[in-house]
Amino acid sequence: MISERLKKQFIHIVGSENYLDSKAEKLVYSYDATPNYQAMPDAIIVPRNTEEVSQIVRLCNEHKIPLVPRGSGTNLCAGTCPTEGGIVLLFTRMNKLLELDEENLTATVQPGLVTLDMIQAVEAKGLFYPPDPSSMKISTIGGNINENSGGLRGLKYGVTRDYVLALEAVMPNGDVIRTGGKLAKDVAGYDLTRLFVGSEGTLCIITEATLKLVPMPETKQTMLALYQDIEAAAKTVSTIISNKIIPATLEFLDQPTLEVVEDFAKIGLPTDVQAVLLIEQDGPLEVVARDMQKIQEICLAERAVSVQVAQSELEAEALRTARRSALSALARLKPTTILEDATVPRSEVAAMVKAINEIAIKHQVKICTFGHAGDGNLHPTVATDARDHEEMERVEAAFEDIFAKAIELGGTITGEHGVGMMKAPYLEWKLGAEGIAAMKAIKLAFDPNNIMNPGKVFAKESRKRVVVSR
Amino acid sequence: MTSVKEKQVIQDEFKKRMDEDELLNCMRCGFCLPSCPTYIESGFKESHSPRGRIALMKAVVDGVIEPDEDVERTLDLCLGCRACEPVCPSGVKYGHLLEEARDIINQNKKHSLPVRVLRQTVFEGLFPYQNRMRVLTNLLGIYQRSGLQSAVHHSGLLRLLPDSMTSMERVLPKVPTMKEMKNRPTHLPALQAQKKRVAFFSGCLMDTMFLKTNDATIKLLQHAGCEIVIPKEQNCCGALHGHSGEKNMGKELAKRNIAAFEDLEVDYIITNAGGCGAFLVDYDHLLKDDPEWFMRAVAFKEKIKDMSAVLVELKFHEKDLSVQPQRVTYQDSCHLRNVQGTFLQPRVLLQAVAGADFYEMKDADRCCGSAGIYNIVESGMSMQILDHKMEKVAESMATTIVTANPGCLLQMKLGIEREGLSGVLRAIHIADFLLEGLEGQLEGSK
Ligand SMILES: Cc1cc2nc3c(=O)[nH]c(=O)nc-3n(C[C@H](O)[C@H](O)[C@H](O)COP(=O)(O)OP(=O)(O)OC[C@H]3O[C@@H](n4cnc5c(N)ncnc54)[C@H](O)[C@@H]3O)c2cc1C
Ligand code: SF4
Ligand code: SF4
């Protein structure tokens, strides 16, 4: 609870128009894109600069008030659901592109800047910022950094982490620190930049970031390979990579996903095949042409029924947009859509896809699978109805099996969406008790009062490990 | 203020009437946020976004919050432009949810006396009766023609009205006389080898205040090869009612229209106002619980076509059309685009007119802020949206803004007035513009 006195102090810092606590306002910040999580905050504060953030954090620390930083609330791990009440700190007013440094190839931005807005500004200068989560039209850089988001280009170019050079952060005691710099090399002390990336708002508040840019690839080609056998599609993924070709994009969609995506996008996607791979290569013209030729041969050798190359950038963009809408389009099937984020080494994609299908049959749930097959990051997605408790239990059991299988294959419980509340009970499967202890020690050192996004990442109780082959 | 008892009743009605599946269909991905004008103009406030509004409606249904003033406020501030629908991958029918919620609130809340009287006059006493619309338009005509208008302008009386209303008064078109309005023909032949037989939905405002545009539309259709019937029994489409929480009246009007067009044996029913057309194609949803009318509504809906869609189908754009050299841009009608899905055809037509240098302005698909009576009841937000729209118009360097809906047309005229650009920049309905093109050509061929 926030006392009247404290409320006055907050208002003194940010102005009354930036302090919201009506029931309606609290309700619309009680959720994010994660199904089945909802909890009301006590207030929403919209700071305008780092100094204001620092003062707010200091006050919260003094009064032990939970703080939930929020970009656009598109995360899929209940990371911004204010489960312990407190304050939602919104970055909609800190959304500027501060500097585009064409000599050092960097962009310095405020955390609330929408990813696509930044990408467009960068591309207007002929530069390239590769991380492109499917939610990039809405997600913010602050959210991307804190979830360490990946995207369609992750296979060749890596994820957000690989592009964060420097941060300005407000620590839980209100101190403002800077990490890293516009440097290609820097080994001065612990690498706090890397630690903060993916910290899900539990260690500090990011108020500024300097991002690495790269030159725009000269050309790009896009193609769609169609399969009547899902595992043949999955197998193609590892064959392409073992042939020492790293495509820019290598995405997988199964038949049920294709169907709903086509229903939304209406671009003529094939819906009569069992799976497709969306493959892109970029770079110098000759390299792209050579790689695409080779990839095409591999696909056909791995039993693709046909391979189609996009004839124009318009067509290619339509394909990418369709792929990006996959998750929300799946929501058409049933009232509740739960997506998972299991990731395995890319050599194991075929094994994982096979296991997912078996698990679906075993628990009698409908699982549609799509994902960033090239980096082993799959999104098995269940269409269900939260009101059907019996089915929800089977869904839960299926996901447990999926996580267990992913870890067994040398993978992890989340490749890009973060742990948040949703995955917290499973974290120990991946890290072990000792791993959790080490991470908790870091959390405690930075945030002794546990005000920073409490209840996220670390669960009160861990799930018991299930045995997959029971 | 909404009383405690009213809130309770509203909440109960929400539970009963709101489509729970549709509410659950929203998976809160936020894909709709960047398309929502009120989200953007409010400084990215979730409470003024589609996702937020749906969450609030659901919370009322679930009993998590009560339908208080703040909830009502967020619903009131929605333009109903439905730009959130085509971008929603989950296919949430936001417009239907909004309509239902507004109806529940309006039917169960006591408005203040002046608001009540005004609503009753407009919704029940005026729009449903075409003869009364004529009388009112005629009064406006007398006001404009008698010299009273210029007297009022000089007197400064208008300064007593709010800003947007005074400008609105200035931009109203020169209306037709009673005689012109009453002499509406009911059957017109094709002026070319006949290709289609169509019925024309003449509308209420369109057939009084915008009679000239209706005449132009008819002429274009005739030249495109349409035989046209205009049933006298038709009336206002009911959109204004449906969007303002007067659903029952909307249903009444819908039934009368369906009956009026039912036995005409035509290929299409043509509309030339995006807002009306969108409401007409939704008649089946409006009457979904009425077994007697549902199938009739479906049959009706399937014939609805916007004038630009039928003109393109009949290859009107392949005619020689020409106007004086001018730079032209097009402002989409939200409902024509987002509900009827007609946005390519107007552009195809405009690009076919010689002399018209067509330039696509940025965010042409974003609402202009007119939205029925929104620009009067939510004047502040409406004018903010309009001002941003006019910035985009200025960037386009157009001298002519073409629109496809009477509300948008007036709003653009208002924008021109506010920027002090009358004389340099004009706004015109696409039918009138195409007629200019056709006549330019006809004159040339003489
Ligand atoms: C349809 C859909 C598709 C998606 N596709 C992808 C995808 O392809 N790849 C992917 O990686 N993710 C994807 N996501 C997940 C999500 O979009 C990303 O995690 C995104 O980075 C979240 O951004 P946001 O601005 O919405 O952040 P939020 O959801 O608001 O916040 C995310 C986390 O960051 C923290 N945070 C936000 N700002 C700050 C700050 N300034 N300081 C400290 N902490 C902060 C929050 O507390 C929270 O823990 C998808 C989501 C949806 C709904
Ligand atoms: S795009 Fe559709 S599903 Fe996504 S938040 Fe908006 S209404 Fe909900
Ligand atoms: S109808 Fe228009 S204003 Fe209303 S929520 Fe949808 S996009 Fe926003």
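Note that the structure is a prediction, hence the values are computed from the model and not measured.

1. Observations concerning the sheet that holds strand β7 (residues 353-358) of chain B
Residue and element names in this part refer to chain B.
Right, so step 1: The 4 strands are arranged β7-β6-β8-β9 in an open sheet whose pairing can be described as parallel. Sheet topology places β7 and β9 (426-429) at the edges, where each strand pairs with a single neighbour. Each neighbouring strand pair of the sheet contributes to a mean axis angle of 40°, computed without reference to strand direction.
Right, so step 2: In the sheet, strand β6 (residues 321-330) pairs with strand β8 (residues 400-403) via 3 bridges, with the strands oriented parallel.

2. Regarding the nonpolar core
Right, so step 1: Counting residues in hydrophobic clusters, the biggest one holds 68 residues, and the most contacted among them are F14(B), M18(B) and M57(B).
Right, so step 2: Broken down by element, this core gets its largest block of residues, 7 residues, from helix α4 (residues 50-62) of chain B.
Right, so step 3: Counting 60 residues, the second-largest nonpolar core is a separate cluster that includes A275(A), V288(A), V349(A) and V353(A).

3. Quick word on the domain arrangement of chain B
Many analyses report the size of an interface as the accessible area lost when the parts associate.
Residues and elements named next belong to chain B.
Right, so step 1: You can read the domains of chain B as domain 1 (4-107) and domain 2 (318-444).
Right, so step 2: Computed from C-alpha coordinates alone, the two centres of domain 1 and domain 2 are separated by 30 Å.
Right, so step 3: Across the contact, 16 residues belong to domain 1 and 14 residues belong to domain 2.
Right, so step 4: Interface area for domain 1 against domain 2, summed over the two sides, is near 1,300 Å², with a carbon-plus-sulfur share of 59%.
Right, so step 5: Broken down residue by residue, the surface that domain 1 buries against domain 2 is led by E41, L79 and C81, which jointly contribute 45%.
Right, so step 6: Counting across the interface, domain 1 meets domain 2 through 1 salt bridge.
Right, so step 7: The residue E378 makes a salt bridge to R73 at a minimum N-O spacing of 2.9 Å.
Right, so step 8: At the junction of domain 1 and domain 2, the tally comes to 6 residue pairs in polar contact (both at pLDDT 80 or more).
Right, so step 9: If you list the elements that add at least two residues to the side of domain 1 that touches domain 2, you get α3 (37-41) and α5 (69-76).

4. Some remarks on the sheet that holds strand β4 (residues 268-271) of chain B
All names here are of chain B.
Right, so step 1: With mixed pairing, the 5 strands of this open sheet are ordered in space as β1-β3-β2-β4-β5. Bordering the open sheet on either side are β1 (187-188) and β5 (304-306), each of which pairs with just one other strand.
Right, so step 2: Direction of pairing for β1 relative to strand β3 (residues 226-229): antiparallel, over a ladder of 2 bridges. Bridging across to β3, H187 finds its partner in V229.
Right, so step 3: Lying over the sheet, helix α12 (residues 211-224) contacts β1, β2 (196-200), β3 and β4, oriented at roughly 140° with respect to β3.

5. Details of the pairing of β6(B)
Right, so step 1: Across 5 bridges, β6(B) lies against β7(B) in parallel orientation. Paired with R327(B) across the two strands is D357(B), which belongs to β7(B).

6. Topic: the interface of chain A and chain B
Right, so step 1: Between chain A and chain B, the residue contacts involve 37 residues of the former and 33 residues of the latter.
Right, so step 2: Between chain A and chain B the total buried area reaches about 2,700 Å² when both faces are included, carbon and sulfur atoms providing 59% of it.
Right, so step 3: Viewed at the interface, chain B and chain A are joined by 4 salt bridges.
Right, so step 4: Across the pair E46(B) and R70(A) runs a salt bridge whose closest N-O atoms are separated by 4.0 Å.
Right, so step 5: Put simply, the parts of the chain that give the side of chain A that touches chain B at least two residues each are α2 (23-28) and α12 (326-330) of chain A.
Right, so step 6: Of the residues in the side of chain A that touches chain B, the class split is 16 nonpolar, 13 polar and 8 charged.

7. Looking at the packing of helix α8 (residues 230-242) of chain A against helix α13 (residues 349-363) of chain A
Residues and elements named next belong to chain A.
Right, so step 1: Their axes nearest at 7 Å, the elements α8 and α13 cross at an angle of 155°. One finds that α8 runs roughly antiparallel with respect to α13. Relative to α13, α8 is oriented so that their crossing is right-handed. Contact with α8, carried on its side by I230, E231, A234 and K235, involves V349, A350, V353, K354 and N357 of α13 and no other residues of that element.
Right, so step 2: Grouping the constituent residues of the contact of α8 with α13 by class yields 5 nonpolar, 1 polar and 3 charged.

8. Re the packing of aromatic side chains
Right, so step 1: Per the stated rule, a full pass over the model turns up 11 aromatic pairs over all chains.
Right, so step 2: Consider the rings of F128(A) and Y157(A), whose centres lie 5.4 Å apart with planes at 80°: the pair is edge-to-face. Taken together, the positions of F128(A) in strand β7 (residues 127-128) and Y157(A) in helix α6 (residues 154-157) put the pair 29 residues apart, joining distant regions of the chain. Accessibility classification places F128(A) together with Y157(A) in one group, the buried group.
Right, so step 3: Among the aromatic side chains, those forming a connected cluster through ring pairs are F201(B), F261(B), F279(B), Y283(B) and F300(B).
Right, so step 4: Looking at K212(A), its charged tip hangs above the ring of Y163(A), at a distance of 5.5 Å from the centre.
Right, so step 5: When the ring centre of F343(B) is taken as origin, the NZ or CZ atom of R337(B), which lies over that ring, is 4.2 Å away.

9. Re the UniProt feature "domain: FAD-binding PCMH-type" (unreviewed entry) in chain A
Right, so step 1: The UniProt record marks residues 37-216 of chain A with the feature "domain: FAD-binding PCMH-type" (unreviewed entry), using the residue numbering of this structure.
Right, so step 2: The straight-line gap between the two end C-alpha atoms of residues 37-216 of chain A is 40 Å; of that span, 22% is helix and 24% is strand.

10. Notes on the pattern of salt bridges
Right, so step 1: Tallied over the entire structure, the rule returns 63 salt bridges over all chains.
Right, so step 2: Between D132(A) and R324(A) there is a salt bridge whose closest N-O contact spans 3.4 Å. Within this pair, whereas D132(A) is found in the loop between β7 and α5 (141-147), its partner R324(A) is found in helix α11 (residues 313-324), the two being separated by 192 residues in sequence.
Right, so step 3: Judged by its relative accessible area of 1%, D132(A) falls in the buried class.
Right, so step 4: D357(B) is the partner of R327(B) in a salt bridge, and the nearest nitrogen-oxygen pair spans 3.1 Å. Here R327(B), found in strand β6, pairs with D357(B), found in strand β7; they are 30 residues apart in sequence, far enough to count as distant.
Right, so step 5: Through salt bridges that share partners, D132(A), R153(A), E280(A), E313(A), E317(A), R320(A) and R324(A) make up one connected network.

11. A short note on a nonpolar patch on the surface
Right, so step 1: On the surface, V135(B), L136(B), L139(B) and I142(B) cluster together into a nonpolar patch covering about 350 Å² of accessible area.
Right, so step 2: One can find L139(B) in helix α8 (residues 130-145).

12. As for the domain arrangement of chain A
Residues and elements named next belong to chain A.
Right, so step 1: The domains assigned to chain A are domain 1 (4-90), domain 2 (97-215) and domain 3 (217-325).
Right, so step 2: Domain 2 and domain 3 are separated by 29 Å when their C-alpha centres are compared.
Right, so step 3: On the domain 3 side, the residues contacting the 11 residues of domain 2 number 13 residues.
Right, so step 4: Counting each side, the surface lost to burial between domain 2 and domain 3 is near 1,000 Å², with a carbon and sulfur contribution of 56%.
Right, so step 5: For domain 2, the biggest contributors to the area lost against domain 3 are L152, L155 and K156; these three give 59% of the whole.
Right, so step 6: Salt-bridge contacts for K156 lead to D282; the nearest nitrogen and oxygen are separated by 2.7 Å.
Right, so step 7: On inspection of domain 2 and its partner domain 3, the count reaches 5 residue pairs in polar contact (both at pLDDT 80 or more).
Right, so step 8: Per-element accounting of the side of domain 2 that touches domain 3 gives the leading share, 4 residues, to α6.
Right, so step 9: Residues of the side of domain 2 that touches domain 3, tallied by class, amount to 6 nonpolar, 2 polar and 3 charged.

Analysis parameters
- Residues numbered from 1 in each chain as written.
- Chains lettered and ligands numbered in written order.
- Predicted model: local features only at pLDDT ≥ 70, side-chain atom pairs only at ≥ 80, totals over all residues.
- Heavy atoms only, no water.
- Pairing = 2+ DSSP bridges.
- Helix = DSSP H or I, 4+ residues; strand = E, 2+ residues; numbered from the N terminus.
- Axes fitted to C-alpha atoms, helices over the stretch in contact; angles between N-to-C directions.
- Core = buried A, V, L, I, M, F, W, Y, C linked by side-chain atoms within 4.5 Å.
- Buried < 20%, exposed > 50% of the residue type's maximum accessible area, 1.4 Å probe, protein only.
- Domains from an automatic or database assignment.
- Contact = heavy atoms within 4.5 Å.
- Buried area = accessible area lost by both parts, 1.4 Å probe.
- Salt bridge = Lys/Arg side-chain N within 4 Å of Asp/Glu carboxyl O.
- Polar contact = N/O pair within 3.5 Å; in protein donor to acceptor, adjacent residues only side chain to side chain.
- Nonpolar A, V, L, I, M, F, W, Y, C, P; charged D, E, K, R; others polar.
- Parallel < 35°, antiparallel > 145°, perpendicular 65-115°, else oblique.
- Left-handed = near helix turned anticlockwise from the far one by under 90°.
- Phe/Tyr/Trp six-rings, centres within 6.5 Å; stacked < 30°, edge-to-face > 60°.
- Lys NZ or Arg CZ within 6 Å of the ring centre and 35° of its normal.
- UniProt positions renumbered as here; feature names shortened; annotations may be inferred.
- Patch = residues over 30% accessible without salt bridge, like charges linked within 9 Å, V, L, I, M, F, W, Y side chains within 5 Å.
- Areas by Shrake-Rupley, 256 points an atom, 1.4 Å probe, with all protein chains shown as cover.

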